[in-house]
Amino acid sequence: MTILVTGGAGFIGSNFVLDWLRSSDEPVVNLDALTYAGNLENLASLKDDARHVFVQGDICDRALVDQLLATHRPRAIVHFAAESHVDRSIHGPGAFMRTNVEGTFTLLEAARAYWGTLEGETRDGFRFHHVSTDEVYGSLQPQDPPFSETNPYEPNSPYSASKAASDHLVRAWHHTYGLPVVTTNCSNNYGPYHFPEKLIPLMIVNALAGKPLPVYGDGQQIRDWLYVTDHCSGIRAVLAGGRVGETYNIGGWNEKANIDIVRTVCALLDELRPDAAGPYSRLITYVKDRPGHDRRYAIDARKIERELGWRPAETFETGIRKTVQWYLSNEDWVARVQSGAYRDWVSKQYGAGQTN
Ligand code: NAD
Ligand code: DAU
């Protein structure tokens, strides 16, 4: 048995592949285009591991996806590949439409053709697991209940609109063609290998460099933070036991205002890497708000708990401490990401094209 993972060199995808191969011997074929967000160095520990087959390629490339499905005959596709950064989607929405919408469409069509060739238990057991976001539900008011799976879709950014479109495609491919899909909508992740364009890693690396910590607007926007390995275990639970055609929300039961996140990061750095110039919070700088900025996200994760017994293992206190410690212990990784040197990793380590 084998699974095909897309986007497995990104932040969550690479954590998922590492986590998967820590807890199982089932091989992973990892299809990733290695955009700016893909970093094979995250998977360096798998360099000589035959259970991991890396293929550099685009999910919009139907012939490639067909060939991978025919060759490796996976029992499941776990689809992470996406353009994921809201700010980038505001500056350049085109890439989001292409990868998130057209890419998901291409994968669905390839999966449908492949699934059509399967028979018996192999056909029944096949899954297309679509990894999505809580942002598709829009923005909550302070007194609103958290997002449940029945909330209407109200995406507000080009990113969330593209993810909402992809969720609708996945739903329709199940409803119309019977493709056995499951979708998970997760809240904000944090942890190792998080690209330092996103709030938590950006605050850590800027603080260590003595640079301003840019807080958008009044800093009172709320997100529901989940440690990345908890997201990975939630995906594994849904892949193993989720009901076909259903969606499951995954969240951390952990709503925090952005400014509180930034202050927590500063306090941990004060403890673990004190700066002679004074507390890191001196670097906090309020800047112009993100256009269309969603005010609050929060996830009601009772369905996945009720049906599959999943709950996050980390509290925010344990998860954020591990995260800050990881960045302090991996300053070379940060330096290579910041200099762009991580992009040389593939050719340096593996040569071009398919590898493991
Ligand atoms: P990321 O930006 O860190 O990684 C995305 C990966 O996809 C990269 O490795 C990139 O090279 C690859 N990729 C991009 N375009 C591709 C293409 N056309 N073909 C093949 N590969 C391509 O993203 P992430 O934060 O790890 O998010 C992974 C998934 O989880 C996304 O679908 C995202 O919408 C979803 N999600 C993310 C979060 C979060 O907090 N980061 C929360 C909920 C859901
Ligand atoms: O909710 C899930 C989503 O979480 C995922 O679907 C996205 O892929 C992921 O990028 C993330 O989106 P956000 O926009 O919530 O994450 P980001 O880290 O960009 O921002 C978190 C909050 O911090 C948000 O309210 C904007 C704010 N922010 C962000 C940056 C980068 C700042 O105040 N300053 C910053 O410099």
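See above for the structure.
Residues numbered from 1 in each chain as written. Chains lettered and ligands numbered in written order. Predicted model: local features only at pLDDT ≥ 70, side-chain atom pairs only at ≥ 80, totals over all residues. Heavy atoms only, no water.

Participant: Help me out: how do you make sense of the packing of helix α2 (residues 62-72) against helix α4 (residues 94-115) in this one?
Facilitator: To describe two helices that pack against each other, one gives the angle between their axes and the distance between the axes. As a packed pair, α2 and α4 sit with axes 10 Å apart at the nearest point and diverge in direction by 35 degrees. Of the two elements, α2 crosses α4, and the hand of that crossing is right-handed. In contact with R62, V65, D66 and L69 of α2, α4 contributes T106, L107, E109, A110, A111, A113 and Y114. In terms of residue class, the contact of α2 with α4 is made up of 7 nonpolar, 1 polar and 3 charged. (Axes fitted to C-alpha atoms, helices over the stretch in contact; angles between N-to-C directions. Helix = DSSP H or I, 4+ residues; strand = E, 2+ residues; numbered from the N terminus. Left-handed = near helix turned anticlockwise from the far one by under 90°. Contact = heavy atoms within 4.5 Å. Nonpolar A, V, L, I, M, F, W, Y, C, P; charged D, E, K, R; others polar.)

Participant: Got a minute to help me understand the packing of aromatic side chains in this structure?
Facilitator: Geometrically, a pair of aromatic rings is defined through the distance of the ring centres and the angle of the planes. All told, the structure shown has 19 aromatic pairs when counted by the stated rule. Measuring from ring centre to ring centre gives 6.3 Å for F147 and Y297, while their planes differ by 45 degrees; the resulting arrangement is tilted. Placement of the pair is F147 in the loop between β5 (127-133) and α6 (158-177) and Y297 in the loop between β13 (284-287) and α10 (302-308), with a sequence separation of 150 residues. A relative accessible area of 0% means that F147 is categorised as buried. With relative accessibility at 2%, the residue Y297 sits in the buried group. Joined through ring pairs, the aromatic side chains of Y137, F147, Y153 and Y297 make up one cluster. Above the face of the W115 ring, R123 is positioned so that its terminal group lies 3.9 Å from the ring centre. (Phe/Tyr/Trp six-rings, centres within 6.5 Å; stacked < 30°, edge-to-face > 60°. Buried < 20%, exposed > 50% of the residue type's maximum accessible area, 1.4 Å probe, protein only. Lys NZ or Arg CZ within 6 Å of the ring centre and 35° of its normal.)

Participant: Mind showing me how you'd approach the site of ligand 1 here?
Facilitator: As a matter of local geometry, ligand 1 sits amid 28 residues, with I12, D32, S84, Y159 and K163 nearest to it. The separation between an oxygen atom of ligand 1 and a polar side-chain atom of Y159 is 2.6 Å. Here an oxygen atom of ligand 1 sits 2.9 Å away from a polar atom, N or O, in the main chain of N189. Summarising the interface, the protein chains cover 96% of the accessible area of ligand 1, which totals 840 Å² for the free molecule. Listed by contribution, the elements that provide at least two residues to the shell around ligand 1 are α1 (11-23), β5 and α6. (Near = heavy atom within 4 Å. Polar contact = N/O pair within 3.5 Å; in protein donor to acceptor, adjacent residues only side chain to side chain. Areas by Shrake-Rupley, 256 points an atom, 1.4 Å probe, with all protein chains shown as cover.)

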